[in-house]
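# Structural characterization, general
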Amino acid sequence: MSKTAITSAPIAPVLAERWSPRAYDSSYQPTQHELLSVLEAARWAPSANNAQPWRFHVLHAGTPLHAAFAETLSGWNRAWVPTAPVTIVISARTVNADGTPARMAFFDAGLAAQNLMTQATELGLHTHPLSGYDHEAAKVALGLPEGYESVVAITLGKIGDPANLSEAAREREVAPRTRLDLDELVLNGKP
């Protein structure tokens, strides 16, 4: 299934092709090369003062750590997230060495997430970022040290059959992609 973005100006094809499915092919396991590639892309994201506050938990479906994380999921995420072969949880160090808040940590983690998702698209894989989970429970389940916060979970794999989703999720899966117009987003007038 392709859901190429319809844009008002040309953008890089890898960006236009990226979208967030919920239906995954549970029989496909990303290769070690694919996992290293997406993590390497995330590692090379821009970082304020080169702090690199991000940390990654790579959770493979069927493992105890993945099951523990799945227990923290909320809403309809409980139904579809566990079908993805891999979930990567990105955490960030939110306190600097001197004890002050690391104000750019979440932004930097977001840049790492975007690099990861873009690289996955380049490899022919799909990702879906989500925050619909109990972040405090995930922190405990993943054993995050003091000063780190769970930021986002990203499912990773190949697209599966939308027929395997609940009706509500299936409707969202096959619906066209939409975004606000640039006129609504650019606040200082025309670009």
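Residues numbered from 1 in each chain as written. Predicted model: local features only at pLDDT ≥ 70, side-chain atom pairs only at ≥ 80, totals over all residues. Heavy atoms only, no water.

### Observations concerning helix H5 (residues 105–122)
Spelled out, the test is: Numbering of helices and strands starts at the N terminus; helices are DSSP runs of H or I of at least 4 residues and strands are runs of E of at least 2. Expected span of a helix: the number of residues minus one, times 1.5 Å. Exposure is judged per residue with a 1.4 Å probe applied to protein chains only, and the accessible area is read against the type maximum: over 50% gives exposed, under 20% gives buried, and values in between give partly exposed. Throughout, a contact is declared for two residues whenever any of their heavy atoms are within 4.5 Å.
Its 18 residues give H5 an end-to-end C-alpha distance of 26 Å, which sits within 8% of 26 Å, the value for a rise of 1.5 Å per residue. By the burial criterion, the buried members of H5 are Ala105, Asp108, Ala109, Ala112, Ala113, Leu116, Met117, Thr118, Ala120 and Thr121. For H5, the elements touching its buried residues are helix H1 (13–17), helix H2 (32–43), strand E1 (54–60), strand E2 (86–93), strand E3 (126–130) and strand E4 (148–157). Positive backbone phi, at 85°, marks glycine 124, one or two positions downstream of H5.

### Quick look at unusual backbone geometry
Despite not being glycine, asparagine 49 shows a phi value in the positive range, around 55°. Inspection of the secondary structure assignment puts asparagine 49 in the loop between H2 and E1. Given the relative accessible area of 82%, asparagine 49 is considered exposed.

### Looking at the sheet that holds E2
Put simply, the test is: A pair of strands is labelled paired if DSSP reports no fewer than 2 bridges between them. All axes here are fitted lines through C-alpha atoms, helices being fitted over the stretch that makes contact, and every angle between N-to-C directions spans 0 to 180 degrees.
Read across the open sheet, the 4 strands follow the order E1-E2-E4-E3; overall the sheet is antiparallel. Whereas interior strands pair on both sides, the edge strands pair on one side only; in this sheet they are E1 and E3. The average angle at which neighbouring strand axes cross in this sheet is 25°, direction not considered. Two elements, E1 and E2, share 7 bridges in a ladder whose sense is antiparallel. Across the sheet, tryptophan 54 pairs through a bridge with alanine 92, a residue of E2. The strands touched by helix H6 (residues 135–142) are E1, E2 and E4; relative to E4, the strand with the most contacts, the crossing angle is about 85°.

### Observations concerning the packing of aromatic side chains
Geometry of an aromatic ring pair is reported as the spacing of the ring centres plus the angle between the planes. Inclusion rule: Any pair of Phe, Tyr and Trp rings, taking the six-membered ring for Trp, is counted once the centres come within 6.5 Å. Such a pair is stacked with planes under 30 degrees apart, edge-to-face with planes over 60 apart, and tilted for the rest. The rule for a charge over a ring is simple: NZ of Lys or CZ of Arg within 6 Å of the ring centre, and within 35 degrees of the ring normal.
Tallied over the full model, the rule gives 1 aromatic pair. Aromatic side chains phenylalanine 69 and tyrosine 133 sit 5.0 Å apart centroid to centroid with 65° between the ring planes, which places their arrangement in the edge-to-face category. Separated by 64 residues along the polypeptide, phenylalanine 69 in helix H3 (residues 64–70) and tyrosine 133 in the loop between E3 and H6 bring together distant segments of the chain. Residue phenylalanine 69 is classed as buried on the basis of its relative accessible area, which comes to 1%. The lysine or arginine in question, lysine 3, covers the ring of tryptophan 19, its NZ or CZ lying 4.5 Å from the ring centre. Directly above the aromatic system of tyrosine 28 lies the positively charged group of lysine 158, at a separation of 5.2 Å from the ring centroid.

### A look at the packing of H2 against H5
The test is simple: Each crossing gets its hand from how the near helix is turned against the far one by less than a right angle, where anticlockwise is left-handed and clockwise is right-handed. As a working rule, the residues Ala, Val, Leu, Ile, Met, Phe, Trp, Tyr, Cys and Pro are called nonpolar, Asp, Glu, Lys and Arg charged, and the rest polar, with Gly in that last group.
Closest axis-to-axis distance for the H2/H5 pair is 7 Å, and the angle between their directions is 145°. In this structure, H2 crosses over H5, and the sense of that crossing is right-handed. Residues Ser37, Val38, Leu39, Ala41 and Ala42 of H2 form the contact with H5, whose own contacting residues are Ala112, Asn115, Leu116, Gln119 and Ala120. Residues of the contact of H2 with H5, tallied by class, amount to 7 nonpolar, 3 polar and no charged.

### Remarks on the nonpolar core
The tendency in soluble globular proteins is for nonpolar side chains to be buried as a group. For clarity, the threshold we go by: Nonpolar core, defined: a set of buried Ala, Val, Leu, Ile, Met, Phe, Trp, Tyr and Cys residues in which side-chain atoms within 4.5 Å join the residues together.
Counting 22 residues, the largest nonpolar core has Ile88, Ile90, Leu116, Ile154 and Leu156 as the members making the most contacts within it. Among the secondary structure elements, those contributing two or more residues to this core are H2, E2, H5 and E4. Tallying contributions element by element places H5 first for this core, with 7 residues. When neighbours within four sequence positions are excluded, isoleucine 154 is seen to be in contact with Val86, Thr87, Ile88, Ile90, Ala113, Leu116, Met117, Thr127, His128 and Pro129. With 19 residues, the next largest nonpolar core counts Ala70, Leu142, Leu144 and Leu165 among its residues.

### A word on the environment of arginine 103
Inspection of the secondary structure assignment puts arginine 103 in the loop between E2 and H5. On a C-alpha basis, the gap between arginine 103 and alanine 48 in space is 9.5 Å, while along the polypeptide they are 55 residues apart.

### Concerning the side chain of lysine 139
The condition is simple: Throughout this description, a polar contact denotes any pair of N or O atoms lying within 3.5 Å of each other; where both atoms belong to protein, one of them has to be capable of donating a hydrogen while the other can accept it, and for residues adjacent in sequence the pair is counted only when both atoms sit in side chains.
Within the element layout of this structure, lysine 139 appears in helix H6. Within the structure, lysine 139 has its side chain in polar contact with the side chain of glutamate 149 (distance 3.3 Å). Apart from the residues lying within four places of it in its own chain, the contact partners of lysine 139 are Leu144, Pro145, Tyr148 and Glu149.

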